[in-house]
Amino acid sequence: MYSRLRSNFRLSIITLLGASAVLGITPFALYRFWQGTILAGLIDLSILVSICGAVVYAWRTSDTYRSGFFLAIVACGGGVAVATVQGEVGLFWLYPSLITSFFLTVAPVAVLINLAAVMALIIHGAAFSSHEQMWSFVTTAIVVSCCAYVFALRNENQRARLEQLATLDPLTGIKNRRSMDRELTAAVASHRRNGLSYALTLLDLDHFKRINDQFGHSVGDEVLVEFVSLLERHTRKSDQLFRYGGEEFVLLLPGVDESGLQAVMNHLQHSLRRSLKSPAGPVTASIGIALLRQGDDAASWLARADEALYQAKAAGRDRIIYAEALAPVTVAG
Ligand SMILES: Nc1nc2c(ncn2[C@@H]2O[C@H](COP(=O)(O)OP(=O)(O)OP(=O)(O)O)[C@@H](O)[C@H]2O)c(=O)[nH]1
């Protein structure tokens, strides 16, 4: 539970709102019933029940987008209803609602919800005792919304940047090992659920250390970038490429059959032999491939591809080794 709250910002806001609603609104709802203002009490109670329902839904389904959107409407709609029934006392409730909208849903939607809440109050007018009070409220509501908008946007940009830093390799721009672990686990789950076939390819540049030693690290870096560019050009959009570490890369190919896989890999190997070069001449790669099998998990699947790569290196490099025997490819003509 704690790890879900830590990793999912919107879920933590939804939960915080739920807890604040229970602690903050319950005494008011009870007080209003006790005072005999039944309508205001019922509004408080329905806000409370709606918020709790949305929190439970968010936890059960992890669909924080819909529950957040619903909560933003409930919080602002509730604030409008309370202000309309209770007058200026209710206006105070609208400020936290206007701010939390930006953390419950995406910024443009939050702007629309807040605008609708303020417009509804202006049109109905019953919440305000004077024009001066109304315009003071409108101005402060806009100022609060603008500040929350800027803060939410900044927060979203930083989150996206952090996500990028955590998942992408800075040199080549492709996904890193952390992303690979996630995608391999997802592929195993998809294979178990729908039987979709997957191939995992480990590619390792041959004698790469020599390039670094002879020409320097920056030339080595250029070769790595060119290698990635070649791989991207010769694979499908649905294939995923990851930097496993150093000069080792993983290519994940979904929906492949054995003969298609062999054709793709042979073509890739020819392209690498033809096009990948360092100042010392052509650069080759050794390739180990494992098809996802029933009973595999991500670790055992990767280990089989790794073993195949080891065999490719041991057998003299610049070759493709499959972890399992594949049906021979029949060449037409
Ligand atoms: N330029 C550059 N070099 C890197 C990077 N990451 C790892 N390396 C180098 O890659 C080299 C890998 O060397 P080895 O593991 O001996 O592999 P190899 O020389 O390719 O030999 P084989 O794999 O056996 O063919 C090391 O010299 C690392 O310093 C990087 O980001 N940039």
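Computed from a prediction, not measured in an experiment: that's the story for all the values here. The numbering scheme is per chain: residues are counted from 1 as the chain's sequence reads. Predicted model: local features are reported for residues with pLDDT of at least 70 only, side-chain atom pairs are reported and counted for 80 or more only, and whole-chain, interface and lining totals are derived from all residues.

A.B. asks: Just checking my understanding: could you explain the sheet that holds strand β7 (residues 320-322) for this structure?
C.D. replies: Two modes of strand pairing occur in sheets, parallel and antiparallel, and in both the strands are linked by backbone hydrogen bonds. Only when DSSP finds a minimum of two bridges between them are two strands counted as paired. Helix and strand definitions follow DSSP, with helices as H or I runs of at least four residues and strands as E runs of at least two, each counted in order from the N terminus. Strand order in the open sheet made by the five strands is β2-β3-β1-β6-β7, with mixed pairing throughout. Edge positions in the sheet fall to β2 (240-245) and β7, since each of these pairs with one other strand and no more. Pairs of neighbouring strands in the sheet enclose a mean axial angle of 20°, with direction left out of account. By the bridge criterion, five bridges tie β2 to strand β3 (residues 248-254) in an arrangement that is antiparallel. Bridge pairing in β3 links Phe242 to Val250. Contacting β1 (198-205), β2 and β3, helix α8 (residues 177-194) runs over the sheet at an angle of about 130° to β2. Relative to β2, helix α10 (residues 217-233) is tilted by about 155°, and along the sheet it contacts β1, β2 and β3. Simply put, an axis is a line fit to the C-alpha atoms, just over the touching stretch for a helix, and the angle between two N-to-C directions goes from 0 to 180 degrees. Each residue is represented by a C-beta atom placed from its backbone, and any two residues with such atoms within 7 Å are regarded as in contact.

A.B. asks: Could you clarify how one ought to interpret the domain arrangement of the protein chain in this entry?
C.D. replies: Many analyses report the size of an interface as the accessible area lost when the parts associate. Where each domain starts and ends follows an automatic or database-derived domain assignment. Domain assignment breaks the protein chain into domain 1 (2-167) and domain 2 (177-322). The C-alpha centroid of domain 2 is placed 49 Å from the C-alpha centroid of domain 1.

A.B. asks: Looking at this structure, I do not really get the packing of helix α5 (residues 88-104) against helix α7 (residues 131-167). What am I missing?
C.D. replies: Any two packed helices are characterised by how steeply their axes cross, that is the angle between the axes, and by the distance between the axes. Between α5 and α7, the shortest axis-to-axis distance is 8 Å and the interhelical angle comes to 20°. Viewed along their axes, α5 and α7 adopt a mutual orientation that is roughly parallel. Crossing of α5 over α7 shows right-handed handedness. Across from Glu88, Leu91, Leu94, Tyr95, Leu98, Ile99, Phe102 and Phe103 in α5, the residues of α7 making contact are Gln133, Phe137, Ala141, Val144, Ser145, Ala148, Tyr149 and Ala152. Just so you know the grouping, Ala, Val, Leu, Ile, Met, Phe, Trp, Tyr, Cys and Pro go in nonpolar, Asp, Glu, Lys and Arg go in charged, and all remaining residues, Gly too, go in polar. Partitioning the contact of α5 with α7 into residue classes produces 13 nonpolar, two polar and one charged. The scheme is simple: roughly parallel for angles under 35 degrees, roughly antiparallel for over 145, roughly perpendicular for 65 to 115, oblique for anything else. The crossing is said to be left-handed when, going from far helix to near helix, the turn is anticlockwise and less than a right angle, and right-handed when the turn is clockwise.

A.B. asks: Looking at this model, I keep getting lost on the packing of helix α6 (residues 107-124) against α7. Mind explaining?
C.D. replies: It is at 11 Å that the axes of α6 and α7 come closest, and there the two elements cross at 175°. As judged from the angle between their axes, α6 and α7 are roughly antiparallel. Note on element contacts: α7 touches α6 through Met134, Val138, Ala141, Ser145, Tyr149, Ala152 and Leu153, opposite Ala107, Val111, Asn114, Val118 and Ile122. Here the residues of the contact of α6 with α7 are counted per class, giving ten nonpolar, two polar and no charged.

A.B. asks: In this structure, what is going on with the pairing of β1? I would like to understand it.
C.D. replies: Look at any regular strand and the pattern is simple: side chains alternate between the two faces of the sheet. Burial runs high along β1: eight of the eight residues are buried. Comment: burial labels come from other C-beta atoms within 10 Å of the residue's own C-beta, placed from the backbone, where a count of 20 or more is buried, 12 or fewer is exposed, and between is partly exposed. Burial along β1 is two-sided: Tyr198, Leu200, Leu202 and Asp204 and Ala199, Thr201, Leu203 and Leu205, pointing in opposite directions, are all buried. Relative to β3, β1 is paired through seven bridges, and the arrangement is antiparallel. Paired with Leu200 across the bridge in β3 is Leu252. Note: β1 against strand β6 (residues 285-291), seven bridges, orientation antiparallel. Bridge assignment links Leu205 to a residue of β6, and that residue is Ala285.

A.B. asks: How should I be thinking about the UniProt feature "transmembrane region" (unreviewed entry) in the protein chain in this particular structure?
C.D. replies: With numbering matched to this structure, UniProt assigns "transmembrane region" (unreviewed entry) to residues 12-31, 37-57, 69-95, 101-123 and 135-153. What you have in residues 37-57 is 95% helix and 0% strand, and the ends, taken at the C-alpha atoms, are 30 Å apart. Between the C-alpha atoms that bound residues 69-95 the distance is 17 Å, and the span itself is 96% helix and 0% strand. UniProt positions are given in the numbering used here, feature names are shortened, and annotations may be inferred rather than shown by experiment.

A.B. asks: Quick question: what am I supposed to make of the site of the ligand here?
C.D. replies: Near the ligand you find 16 residues, and of these Asp206, Phe208, Lys209, Gly220 and Gly246 are the closest. Those elements that provide at least two residues to the shell around the ligand are β1, α9 (208-215) and α10. Examining the composition of the shell around the ligand, we find that four residues originate from one element, α10, more than from any other. Looking at the shell around the ligand residue by residue, the class counts come to four nonpolar, five polar and seven charged. We call a residue near a molecule or strand when the C-beta position, derived from backbone atoms, sits within 6 Å of it.

A.B. asks: Even after reading the chapter, I still don't get the confidence of the model for the protein chain, so can you show me in this structure?
C.D. replies: By definition, pLDDT measures how confident the predictor is in each residue, and it falls between 0 and 100. Across the protein chain, the average pLDDT comes to 90, with 98% of residues at 70 or higher. Interface confidence for the predicted complex, expressed as ipTM, amounts to 0.97; the pTM equals 0.71.

A.B. asks: What is the right way to look at helix α2 (residues 9-35) in this model?
C.D. replies: Quick reminder: α-helices carry 3.6 residues per turn. Residues three or four places apart thus point the same way. By this rule, a helix spans an expected 1.5 Å times one less than how many residues it contains. The end-to-end C-alpha separation of α2 is 38 Å, in line with the 39 Å expected for 27 residues at 1.5 Å each. Of all the bends in α2, the greatest, near 35°, is centred on Ile25, and the proline Pro27 appears no more than four residues after it. Within α2, burial applies to Ile14, Leu17, Gly18, Ala21 and Arg32. Where α2 is buried, its residues contact α3 (38-61), α4 (64-86) and α5. Gly36 occupies a position one or two residues after α2 and carries a positive phi of about 95°. The seven residues ending at a residue and the seven starting there each receive a fitted axis; the angle between those axes is the bend at that residue.

A.B. asks: Where do I start with the pairing of β3 in this structure?
C.D. replies: For β3, the tally of buried residues reaches five of seven residues, placing the bulk of the element in the interior. The antiparallel hairpin formed by β2 and β3 contains two residues in its connecting segment, where Gly246 sits at a positive phi of about 50°.

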